[in-house]
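As a plain string of letters, each chain reads:
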Amino acid sequence: MSGEERRHPAAFPLDDRAIYDAYVAGRQSAALTVGVRVGLFDKLDQTPLDVQSIATEFDFSLRGARSLLVALEAMGVVNCKEDLYALSPETAAYAVHGQPGSLVSLIELEMDHFLSPAALLDALKKDDSTAYGDADPWEEHERDPEAAARFTAAMHSVSERPAAGFAEVAPLGDVERLLDVGGGSGALCLASARAHPDLTCTVWDLQVVCDLAKKYADEAGLSKQVQALAGDMWNEAFPTGYDAVLLSQIMHDWSHEQGSVLLDKAFACLPSGGRVLIHEKLVDEEGGPLANALVNLDMLVWTKGQQYTAGELEALLIAAGFADVQCEPSAGYWSVVSARKP
Ligand SMILES: C[S@@+](CC[C@H](N)C(=O)[O-])C[C@H]1O[C@@H](n2cnc3c(N)ncnc32)[C@H](O)[C@@H]1O
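Computed from a predicted model, the values in this text were never measured in an experiment.

Trainee: Quick question: what am I supposed to make of the domain arrangement of the protein chain here?
Mentor: Where the parts come together, the accessible area they lose is often given as the size of the interface. Partitioning the protein chain into domains gives domain 1 (3-96) and domain 2 (105-340). Centre-to-centre, using C-alpha coordinates, domain 1 lies 33 Å away from domain 2. Listed per partner, the contact involves eight residues of domain 1 and seven residues of domain 2. Of the roughly 790 Å² buried at the junction of domain 1 and domain 2 (both faces included), carbon and sulfur atoms supply 64%. For the pair domain 1 and domain 2, the interface holds zero salt bridges. Elements with a contribution of two residues or more to the side of domain 1 that touches domain 2: helix 2 (17-38) and helix 6 (89-94). Sort the elements by how many residues they give to the side of domain 1 that touches domain 2 and helix 2 lands first, with six residues. A class-by-class count of the residues in the side of domain 1 that touches domain 2 yields four nonpolar, three polar and one charged.

Trainee: What is the right way to read the site of the ligand from this model?
Mentor: Every one of the 17 residues lining the ligand counts as a neighbour, but Ser159, Gly182, Asp205, Met233 and Ser248 are closest to it. In this structure, Ser159 approaches the ligand through a side-chain N or O atom, which is 2.7 Å from an oxygen atom. The contact in question runs from a nitrogen atom of the ligand to an N or O atom on the backbone of Met233, over 2.9 Å. Here the ligand has 600 Å² of accessible area as a free molecule, and 97% of this is covered by the chains.

Trainee: I would appreciate a short explanation of unusual backbone geometry in the present structure.
Mentor: Excluding glycine, a negative phi dihedral is what most residues carry, and trans is how most peptide bonds are arranged. Pro289 follows Gly288 through a cis peptide bond whose omega is -5 degrees. Note that Pro289 resides in the loop between strand 7 (275-280) and helix 14 (290-302). Even without glycine at this site, Asp83 takes up a positive phi of about 70 degrees. Within the secondary structure, Asp83 sits in the loop between strand 1 (78-81) and strand 2 (84-87).

Trainee: Would you take a moment to explain the environment of His279 for this structure?
Mentor: Looking at the element boundaries, His279 is found in strand 7. Residue class for His279 comes out buried when judged on its relative accessible area of 0%. Leaving out residues up to four positions away in the same chain, His279 has contacts with Pro162, Phe166, Leu188, Leu246, Leu247, Ser248, Gln249, Ser330, Trp334, Ser335 and Val336.

Trainee: Any chance you could explain the pattern of salt bridges here in plain terms?
Mentor: One side chain can pair with another of opposite charge once the charged atoms of both are near each other. Applying the stated criterion across every chain, the model contains seven salt bridges. Residue Asp15 is joined to Arg17 by a salt bridge in which the shortest nitrogen-to-oxygen separation is 2.5 Å. A relative accessible area of 54% means that Arg17 is categorised as exposed. The residue Arg275 makes a salt bridge to Asp174 at a minimum N-O spacing of 3.9 Å. Of this pair, Arg275 sits in strand 7 while Asp174 is found in the loop between helix 10 (145-169) and strand 3 (177-181), placing the two residues 101 residues apart along the sequence. What makes Asp174 exposed here is its relative accessible area of 55%.

Reading guide: rules and limits
Residues numbered from 1 in each chain as written. Predicted model: local features only at pLDDT ≥ 70, side-chain atom pairs only at ≥ 80, totals over all residues. Heavy atoms only, no water. Domains from an automatic or database assignment. Contact = heavy atoms within 4.5 Å. Buried area = accessible area lost by both parts, 1.4 Å probe. Salt bridge = Lys/Arg side-chain N within 4 Å of Asp/Glu carboxyl O. Helix = DSSP H or I, 4+ residues; strand = E, 2+ residues; numbered from the N terminus. Nonpolar A, V, L, I, M, F, W, Y, C, P; charged D, E, K, R; others polar. Near = heavy atom within 4 Å. Polar contact = N/O pair within 3.5 Å; in protein donor to acceptor, adjacent residues only side chain to side chain. Areas by Shrake-Rupley, 256 points an atom, 1.4 Å probe, with all protein chains shown as cover. Buried < 20%, exposed > 50% of the residue type's maximum accessible area, 1.4 Å probe, protein only.

Have a look at this one:
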């Protein structure tokens, strides 16, 4: 092939864009995270600004500000009219501090725990959590309450909006007492309590996280309906006296074998007719949607787990003795898988 032919796109037998787009995708995450971290989106939420004002406000070079804004505009995160940059409606809803359900705490975790190719390679070889080096993440949270608070805030950020979808879709109508195993901030309990004023919920988590969950419940004005109880789901039986057990983003933290142990414990603590409710971002039989499939990589780095298909959860639930397995999409990428103890 001559140089002239090589320069002509028609001479390429294949279109490289799918692979190129995948290669370049990490820049989107970096641009979004920087926008959140410096407060660019908070500022643009108050008032649209031009490039020079943005550069001055954030102490960026003019070239830097231009590059960032061009990237963010192409991503659909900001738009530009008459030289003024403003937020898209999604950015205003999800990437501004202080908005209910905003994803900022999750996005900010990227700054300290960015999934670089080197970090991924390390995790692939180790086949165990590498987020805090060799330390077990949950033990690390017990040692370092600030790390626990950052992680729990990120979980709250990812769970707060889907929690409202969960509360709408989950069969909670006849439930009086809900046990939220590994409940974190209690985001799911808070939304469920709001939707069902007669429901009481218990966040059952490690002591360091329960201290945080109590604050979230206080701030939401729901501390009468949502309480926190310290415990250890591996070294203790699940507490009794509940007619439903919730596992939100818990199954995906552990192997299938460990997940089976948790479902056995849920089965043992429930009365006949009691329900188990699993809230997860499921992958379908083809491995999609992409966003849920990519969570597998986060799980690799942070946990011992992986994302599930509905069929895999159903098989584990049936093996644990549950019946009437139902799977309902709830909000965005989320689903609720429920089952009943016969
Ligand atoms: C991925 S977070 C899920 C939080 C919450 N369920 C949600 O969906 O937002 C996992 C939770 O499991 C808790 N956890 C980990 N090990 C635990 C243990 N041995 N006993 C109780 N909770 C535990 C963590 O502290 C954390 O809050």
